[in-house]
Amino acid sequence: TGESPWKSRCAMMRHLLLSLLVAGFLALMGSAYVVKQTEQALVLQLGNPKRVVRDPGLYFKVPLLQNVEIYDRRLLDFDAEPKTLIAGDQKRLVVDAFVRYRITDPLLFKQTVATEANMRSRLNTILESSLRQVIGEVPLSAVISEKRAETMNKIKGLVNAQTRGAQMDVAEEKQARGAGFGIE
């Protein structure tokens, strides 16, 4: 062919430059992450916690070495399966409870429960034992009367005490149906 070595070399340099630009762009895109106002992030380097990001904005990480786990800062819901419990006066009732909680520290949350699936399993166990303990001590009338708020506060206190190590803050307990409960 009649191409000069100079043109061939320039074409090769253009391809190389274009390849480097594409690789640089991909590396930049792989290193950027966004934390929204309703989120908090935990940056892990090779699986080990590096830093917690609580402020919204655009941040950068080392591609391939670091990954980011995003946690919601808002109140989250956990709806437990309805449970049949026996009140202190030996009367049966079906309790449909739910919990509203917030992850307060993503690092300690990751260290204590690892994943949200583990947390939900643990929260279900904690909620059930707290319900059984408190409902088993009070008569049915206390659950469905003006003493209901006091009963709910006892359950909330027990759940909060047991979830604090996982850096979750139980915010409320509300009735879901019938003689149900919820925890906020």
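Residues numbered from 1 in each chain as written. Predicted model: local features only at pLDDT ≥ 70, side-chain atom pairs only at ≥ 80, totals over all residues. Heavy atoms only, no water.

(A) Seen up close, a nonpolar patch on the surface. A cluster of nonpolar side chains, contributed by Leu 18, Val 22, Phe 25, Leu 26 and Met 29, occupies part of the molecular surface with about 520 Å² of accessible area. Structurally, Phe 25 is set in helix H1 (residues 5-31). (Patch = residues over 30% accessible without salt bridge, like charges linked within 9 Å, V, L, I, M, F, W, Y side chains within 5 Å. Areas by Shrake-Rupley, 256 points an atom, 1.4 Å probe, with all protein chains shown as cover. Salt bridge = Lys/Arg side-chain N within 4 Å of Asp/Glu carboxyl O. Helix = DSSP H or I, 4+ residues; strand = E, 2+ residues; numbered from the N terminus.)

(B) Summary view of the confidence of the model for the chain. The pLDDT averaged across the chain works out to 84; a share of 88% of its residues lies at or above 70. At the low end of the mean pLDDT range in the chain sits strand E10 (residues 168-173), at 61; at the high end sits strand E2 (residues 39-45), at 96. (pLDDT = per-residue confidence, 0-100.)

(C) Highlighting the nonpolar core. Residues Phe 78, Tyr 101, Leu 123, Leu 127, Leu 131 and Ile 135 are the most contacted members of the largest nonpolar core, which totals 28 residues. Going through the elements one at a time, E2, strand E6 (76-79), strand E8 (92-95), strand E9 (98-103), helix H2 (106-113), helix H3 (116-135), helix H4 (140-144) and helix H5 (148-163) are the ones with two or more residues in this core. With seven residues, the top contributor of residues to this core is H3. With five residues, the next largest nonpolar core counts Tyr 33, Val 35, Ala 41 and Val 43 among its residues. (Core = buried A, V, L, I, M, F, W, Y, C linked by side-chain atoms within 4.5 Å. Buried < 20%, exposed > 50% of the residue type's maximum accessible area, 1.4 Å probe, protein only.)

(D) Structural view of unusual backbone geometry. One non-glycine residue, Leu 46, lies in the positive phi region at around 55°. Note on placement: Leu 46 falls in the loop between E2 and strand E3 (48-53). At Ala 114, a residue that is not glycine, the phi angle is positive and equals roughly 70°. Position of Ala 114 among the secondary structure elements: in the loop between H2 and H3.

(E) Quick peek at the sheet that holds E2. Here we have three strands laid out as an open sheet, ordered E3-E2-E5, and antiparallel in their pairing. The open sheet has two free edges, formed respectively by E3 and strand E5 (66-72), since each of these has just one partner strand. For this sheet, the mean angle separating the axes of adjacent strands, direction not counted, is 25°. H2 rests against E2, E3 and E5 of the sheet, and its axis sits at about 60° to E2. (Pairing = 2+ DSSP bridges. Axes fitted to C-alpha atoms, helices over the stretch in contact; angles between N-to-C directions. Contact = heavy atoms within 4.5 Å.)

(F) A look at the packing of H2 against H3. Remark: H2 packs on H3, axes separated minimally by 9 Å, with the N-to-C direction vectors making an angle of 70°. With respect to their mutual orientation, H2 and H3 come out roughly perpendicular. Side by side, H2 and H3 meet where Phe 109, Thr 112 and Val 113 of the first sit next to Glu 116, Asn 118, Met 119 and Arg 122 of the second. Split into classes, the residues belonging to the contact of H2 with H3 amount to three nonpolar, two polar and two charged. (Parallel < 35°, antiparallel > 145°, perpendicular 65-115°, else oblique. Nonpolar A, V, L, I, M, F, W, Y, C, P; charged D, E, K, R; others polar.)

(G) Here's a closer look at the packing of aromatic side chains. Counted under the stated rule, the structure contains two aromatic pairs. Consider the rings of Tyr 33 and Tyr 59, whose centres lie 5.8 Å apart with planes at 25°: the pair is stacked. Residue Tyr 33 is found in strand E1 (residues 32-35), and its partner Tyr 59 is found in strand E4 (residues 57-60); the two are separated by 26 residues along the sequence. (Phe/Tyr/Trp six-rings, centres within 6.5 Å; stacked < 30°, edge-to-face > 60°.)

(H) Main features of H3. Its 20 residues place the ends of H3 27 Å apart at the C-alpha level, agreeing with the 28 Å of an ideal helix rising 1.5 Å per residue. All of the buried residues along H3 are Met 119, Leu 123, Ile 126, Leu 127, Ser 130, Leu 131, Val 134 and Ile 135. The buried residues of H3 all sit within an arc of 135° when viewed along its axis, so they share a single face. The exposed residues of H3 that point more than 90 degrees off its buried face are Ala 117 and Thr 125. (Expected span 1.5 Å × (residues − 1). Arc of directions from axis to C-beta.)

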